[in-house]
Amino acid sequence: MVGNQPEKEHPVPAFGLAARDQSGVLSPFNFSRRATGEKDVKFKVIYCGICHSDLHMIKNEWGTSTYPLVPGHEIVGEVTEVGSQVEKFKVGDRVGVGCIVGSCRSCDNCSNSIENYCPKMILTYAGTYHDGTVTYGGYSDVMVCDEHFVVRVPDALPLDAAAPLLCAGITLYSPLRYYGLDKPGIHLGIVGLGGLGHVGVKFAKAMGAKVTVISTSPAKKQEAIERHGADSFLVSRDQEQMKAAMGTLDGIIDTVSAVHPIMPLIGLLKTHGKLVLVGAPEKPLELPVFPLLMGRKIVGGSCIGGMKETQEMLDFAAKHNITADIEVIPADYVNTAMQRLEKGDVKYRFVIDVAKTMQA
């Protein structure tokens, strides 16, 4: 208190890397986060994963970007301050923030713990918060977030390799659960062995599924089977392999973010099979209807997960020792990492060592 007046809340100074325009080049950026409110958790960012979405957003390839834009929604760190009404966390806790930092908290979706489908869902970066301010992501040294949208990172998970689970992990975990592809004995196809796909193989195997990786690259067969535990491998450009596998899969999760044909994938499904899209191509895909009719097949989608399910996913990952395969990089390597990511030159997720290498 100052006299009879309450102390003014002071914004939290922050430093990060921001894109200023569609060139996609990231450069140092000083900004402020809101003061830690009653329900807020403030934490020191230690690591932040680089998602393919970050690359799309800094270049405004989806047409929704606002600048300056601080990317990053695979954020992990250590709590440094909590608001007076925070119940779930204390100073020193290992925590994370994924793709969303807010929602209306009152609609049917929020009431059913699928805040990720709330019409007023607030993205971790390039979104507009309740107070009208623009949200900034985890390529920065500090985060302030409502405790409802903060998750606990189990002690069994290393922070750096756990960071990508907050996007890539939940993006695969949620459709496996929702579409019933998490049952032992299910034969599942996963298209693409990148940042999403390699984590999907690990989750599906831990759930007891038989997993076939589907890829355009024959060179990925050995790593799919020997490194990640896939049961088999299909080269999608090999017509003989694809023909031999027709009608053998209960479900397919397609992680590819580039435009590609889905007709061959539908052919791989059994009757009542499910093709679930989790990648986000810049242009629409062609959807052939006839093969859907002839097998009562389903094409569906899935986008991350709600907060309850995200915590469940992290706990499952800790129990089964599931982490992302990562390449840890210093902050000043980010622009090079983006160029490599565009070429697919990473196995399988870049993670920025924020705490050690990002300094104002």
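Our subject is the structure that appears above.
Residues numbered from 1 in each chain as written. Predicted model: local features only at pLDDT ≥ 70, side-chain atom pairs only at ≥ 80, totals over all residues. Heavy atoms only, no water.

Moving on: the overall build of the protein chain. The number of helices and strands found in the protein chain is twelve helices and 17 strands. Here the C-alpha atoms of the protein chain give a radius of gyration of 21 Å, agreeing with the 21 Å that 2.2 N^0.38 yields for 360 residues. In terms of overall dimensions, the protein chain has C-alpha extents of about 80 × 40 × 35 Å along its principal axes. The proportion of buried residues among the 360 residues of the protein chain is 54%. Summarising the internal contacts of the protein chain: among those between residues at least 6 apart in sequence, 67% fall at separations of at least 24. Charge-centre separation for the protein chain: the mean point of 36 positive side chains lies 5 Å from the mean point of 39 negative side chains. (Helix = DSSP H or I, 4+ residues; strand = E, 2+ residues; numbered from the N terminus. Rg over C-alpha atoms; globule rule 2.2 N^0.38 Å. Buried < 20%, exposed > 50% of the residue type's maximum accessible area, 1.4 Å probe, protein only. Contact = heavy atoms within 4.5 Å. Lys, Arg positive; Asp, Glu negative; His and termini not counted. Charge placed at Lys NZ, Arg CZ, Asp CG, Glu CD.)

A word on the side chain of Asp-254. Position of Asp-254 among the secondary structure elements: in strand 13 (residues 249-254). Of the side chains bearing the opposite charge, Lys-220 lies closest to the buried Asp-254, which forms no salt bridge; the N-O distance is 12 Å. Only 3.0 Å separates the side chain of Asp-254 from the backbone nitrogen of Val-256, close enough to count as a polar contact. (Salt bridge = Lys/Arg side-chain N within 4 Å of Asp/Glu carboxyl O. Polar contact = N/O pair within 3.5 Å; in protein donor to acceptor, adjacent residues only side chain to side chain.)

Another aspect to go through is the environment of Thr-255. Residue position: Thr-255 is located in the loop between strand 13 and helix 8 (263-268). On the basis of relative accessibility, which here comes to 9%, the residue Thr-255 falls in the buried class. A polar contact is formed between the side chain of Thr-255 and the backbone oxygen of Val-191, at a distance of 2.6 Å.

Glancing now at the nonpolar core. In terms of nonpolar packing, the biggest core is built from 102 residues, with Phe-43, Ile-50, Tyr-139, Phe-203, Met-338 and Ile-352 touching the most fellow members. With residues up to four places along the chain from it excluded, the contact list for Phe-43 reads Ile-75, Val-76, Gly-77, Glu-78, Val-79, Thr-80, Val-95, Val-97, Asp-141, Val-142 and Met-143. Of all hydrophobic cores here, the second largest spans 14 residues; its members include Leu-234, Ala-245, Ile-266 and Leu-269. (Core = buried A, V, L, I, M, F, W, Y, C linked by side-chain atoms within 4.5 Å.)

Time to look at the packing of aromatic side chains. By the definition in use, this model includes seven aromatic pairs. Between Phe-29 and Tyr-136, the aromatic rings sit 5.5 Å apart at their centres with planes inclined by 70°, giving edge-to-face as the arrangement. Here Tyr-136 lies in the loop between strand 7 (122-123) and strand 8 (142-146) and Phe-29 lies in strand 2 (residues 26-33), a separation of 107 residues in the sequence. Judged on exposure class, the residue Phe-29 and its partner Tyr-136 are both buried. The structure contains a cluster of three or more aromatic residues connected by ring pairs, namely Phe-29, Phe-31 and Tyr-136. Geometry around Phe-316 places Arg-177 over its ring, the cationic atom sitting 5.3 Å from the centre. (Phe/Tyr/Trp six-rings, centres within 6.5 Å; stacked < 30°, edge-to-face > 60°. Lys NZ or Arg CZ within 6 Å of the ring centre and 35° of its normal.)

Take the environment of Thr-66 next. As for its position among the elements, Thr-66 is in the loop between helix 1 (52-58) and strand 4 (75-82). The spatial distance from the C-alpha of Thr-66 to the C-alpha of Arg-20 is 8.7 Å, given a sequence separation of 46 residues. Each residue touching Thr-66, except ones within four places of it in the same chain, is listed here: Ala-126 and Val-134.

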